[in-house]
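A look at the structure
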Amino acid sequence: MDIIEIENKHGAGTYAKQPLVIVRGQGASLFDIDGVEYLDCSSGHGVANLGHAHPKIAEAIYKQASTLITLFETFPNDKRAELMKKITSLVDGLDKVFLCNSGTESVEAAFKFARISTGRKNIVAAMRAFHGRTYGALSATFNKKYREGFEPLVPGFSHVAFNNIEALEKAVNDETAAVILEVVQGEGGVYPASTEYVQAARRICDERGALLIVDEIQTGFGRTGKMFAIQHFGVTPDLLTCAKSLAGGVPMGAVLIGAKVKNLTPGVHGSTFGGNPLSCAAAVAALTVMEEEDLSGQAEAKGAYLMEKLRAIQSSNIREVRGMGLMIGIEMKQKVAPYLKALQEKKIIALNAGMTVIRLLPPLVISYEQIDHLVDVLAEVLASEMQNAE
Ligand SMILES: *Cc1c(COP(=O)(O)O)cnc(C)c1O
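A brief structural summary. (Residues numbered from 1 in each chain as written. Predicted model: local features only at pLDDT ≥ 70, side-chain atom pairs only at ≥ 80, totals over all residues. Heavy atoms only, no water.)

Here's the deal with the sheet that holds strand 2 (residues 29-32)
Across the sheet, four strands lie side by side as 1-2-3-15; this open sheet has mixed pairing. In the strand order of this sheet, the two ends are held by strand 1 (22-26) and strand 15 (348-349), each with one partner. In this sheet, strand 15 lies alongside strand 3 (residues 37-40) in parallel orientation, the contact comprising two bridges. Paired with L39 across the bridge in strand 15 is I348. (Pairing = 2+ DSSP bridges. Helix = DSSP H or I, 4+ residues; strand = E, 2+ residues; numbered from the N terminus.)

A short note on a nonpolar patch on the surface
A contiguous nonpolar surface patch, about 260 Å² in accessible area, is contributed by I3, V23 and I33. Following the sequence through the fold, I33 ends up in the loop between strand 2 and strand 3. (Patch = residues over 30% accessible without salt bridge, like charges linked within 9 Å, V, L, I, M, F, W, Y side chains within 5 Å. Areas by Shrake-Rupley, 256 points an atom, 1.4 Å probe, with all protein chains shown as cover. Salt bridge = Lys/Arg side-chain N within 4 Å of Asp/Glu carboxyl O.)

A closer look at the site of the ligand
Within the structure, the ligand sits among S102, G103, T104, F130, H131, G132, E182, D215, I217, Q218 and K244. With respect to the ligand, the backbone of T104 contributes an N or O atom lying 2.8 Å from an oxygen atom. One nitrogen or oxygen atom from the side chain of D215 is found 2.8 Å from a nitrogen atom belonging to the ligand. Residues of the shell around the ligand, tallied by class, amount to two nonpolar, six polar and three charged. (Near = heavy atom within 4 Å. Polar contact = N/O pair within 3.5 Å; in protein donor to acceptor, adjacent residues only side chain to side chain. Nonpolar A, V, L, I, M, F, W, Y, C, P; charged D, E, K, R; others polar.)

Structural notes on the side chain of E216
Assignment of secondary structure puts E216 in the loop between strand 10 (211-215) and strand 11 (239-242). Buried within the structure, E216 lacks any salt-bridge partner; R223 is the closest side chain of opposite charge, at an N-O distance of 10.0 Å. Residues within four places of E216 in sequence aside, it is in contact with V183, F228, A229, I230, L240, T241 and C242. (Buried < 20%, exposed > 50% of the residue type's maximum accessible area, 1.4 Å probe, protein only. Lys, Arg positive; Asp, Glu negative; His and termini not counted. Contact = heavy atoms within 4.5 Å.)

Considering the pairing of strand 1
For strand 1 and strand 2, the ladder comprises four bridges, and the chain directions are antiparallel. When the sheet's bridge partners are listed, Q26 is paired in strand 2 with S29. Hairpin connection from strand 1 to strand 2: two residues lie between these consecutive antiparallel strands, with G27 at a positive phi of about 60°.

Thoughts on the packing of helix 4 (residues 78-87) against helix 10 (residues 277-292)
Where helix 4 meets helix 10, the closest approach of the two axes is 8 Å, and the angle between their N-to-C directions is 40°. Taken together, helix 4 and helix 10 sit at an angle that is classed as oblique. Crossing angle aside, the handedness with which helix 4 passes helix 10 is left-handed. Every residue of helix 10 that contacts helix 4 at K79, R80, E82, L83, K86 and I87 is listed here: P277, C280, A281, A283, V284, L287, T288 and E291. Split by residue class, the contact of helix 4 with helix 10 holds eight nonpolar, one polar and five charged. (Axes fitted to C-alpha atoms, helices over the stretch in contact; angles between N-to-C directions. Parallel < 35°, antiparallel > 145°, perpendicular 65-115°, else oblique. Left-handed = near helix turned anticlockwise from the far one by under 90°.)

Quick look at the sheet that holds strand 17 (residues 357-360)
As summarised here, the arrangement of the four strands in space is 13-14-17-16, forming an open sheet in which the pairing is antiparallel. Each edge of the open sheet carries a strand with a single partner, namely strand 13 (318-324) and strand 16 (351-352). Bridge count between strand 16 and strand 17: two bridges; the pairing is antiparallel. Bridge pairing in strand 17 links N352 to I358. Contacts from helix 11 (residues 295-311) reach strand 13, strand 14 (327-332) and strand 17 within the one sheet, and its direction differs from that of strand 13 by about 175°.

Next comes the structure, spelled out in structure tokens:
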């Protein structure tokens with residue numbers, strides 16, 4: 001049986017599989033089983049910010065794997081302490097961290113911390129929000145596609161229009177434990193929040209005694225041109241969730257925690273794999289590379305370059321190009337599935353965000369030559385009519 005057949009036969013069936021076997025990566029490139037090169041504009045949904053097969057990550061993983069892979073957090077460890085010190089130095093005012101293994105787990109932790117801290121039950125999220133697929137995170141996720149068939153979800157969650165200050169004013173009250181926001185909505189269609197909105201969210205939470213959770217799982221670690229996207233807005237959240245590229249591709253999540261979060265005492269939360277030395281060593285290496293290679297600065301410069309070129313593409317099929325740094329959405333007038341297929345035929349792997357948005361999340365180490373090539377292919381593909389397909 002070939003590889004695709006095996007996955008189709010034995011996989012749970014929860015993924016729509018591409019007809020493409022990828023076996024290797026290098027920088028912003030992926031290679032299929034026949035050695036054909038693809039330009040990766042997905043980064044595994046924003047995981048591979050440092051590019052694939054970064055030698056410093058590989059070395060850190062190898063070293064730590066041959067030293068100590070696992071250690072429950074009740075025992076302190078050199079690599080974990082190093083990571084804790086480093087990650088809590090990234091945002092002024094977020095001096096504590098809870099370590100876990102994925103994005104959705106970091107969101108679950110943030111909700112538990114918000115409830116135990118405030119003694120309140122309700123969580124206000126935004127329409128179009130995506131926060132993950134476990135029950136708490138799913139309850140904060142807006143799209144019916146993810147929720148339907150899984151009810152009852154967790155009580156206490158509501159959704160308000162994104163970027164709408166008035167709606168937030170009405171929704172947040174003295175029973176609200178937290179407001180959770182992505183400051184650039186990812187899955188929802190690449191929608192950046194306005195500065196006024198994010199600042200108003202901070203003020204409203206302060207006035208009503210609610211906590212502000214910012215979900216930086218996709219926007220974090222240089223993607224938008226700063227270490228965290230919230231740093232564009234002059235606002236500090238009480239809880240910041242992150243994961244994806246935190247450990248250079250090794251599974252890891254984290255919640256950064258501000259001074260207003262209370263009652264985090266032994267036993268309140270925990271995780272068997274959380275803070276394991278292997279992931280911690282990978283994350284220390286990843287954060288070090290991010291600084292050494294100024295990946296935020298690269299994302300800012302390359303994002304501006306790419307955005308300008310995309311906006312110059314003449315195609316009546318494009319409705320809007322928007323985004324921040326190297327997190328870019330191209331909203332089309334038609335469904336994007338046929339465009340993504342055409343791009344893949346031309347060896348470019350991109351993502352959708354909803355039905356009508358092409359999402360570009362390339363590794364931040366993508367070269368200017370690769371960006372130029374991407375723009376050339378996009379200009380050609382996006383100019384064609386795709387009525388016939390799907
Ligand atoms: C990917 C993502 C999640 C979920 O992360 P997982 O690691 O897949 O559980 C949550 N929130 C946002 C904004 C994301 O992009």
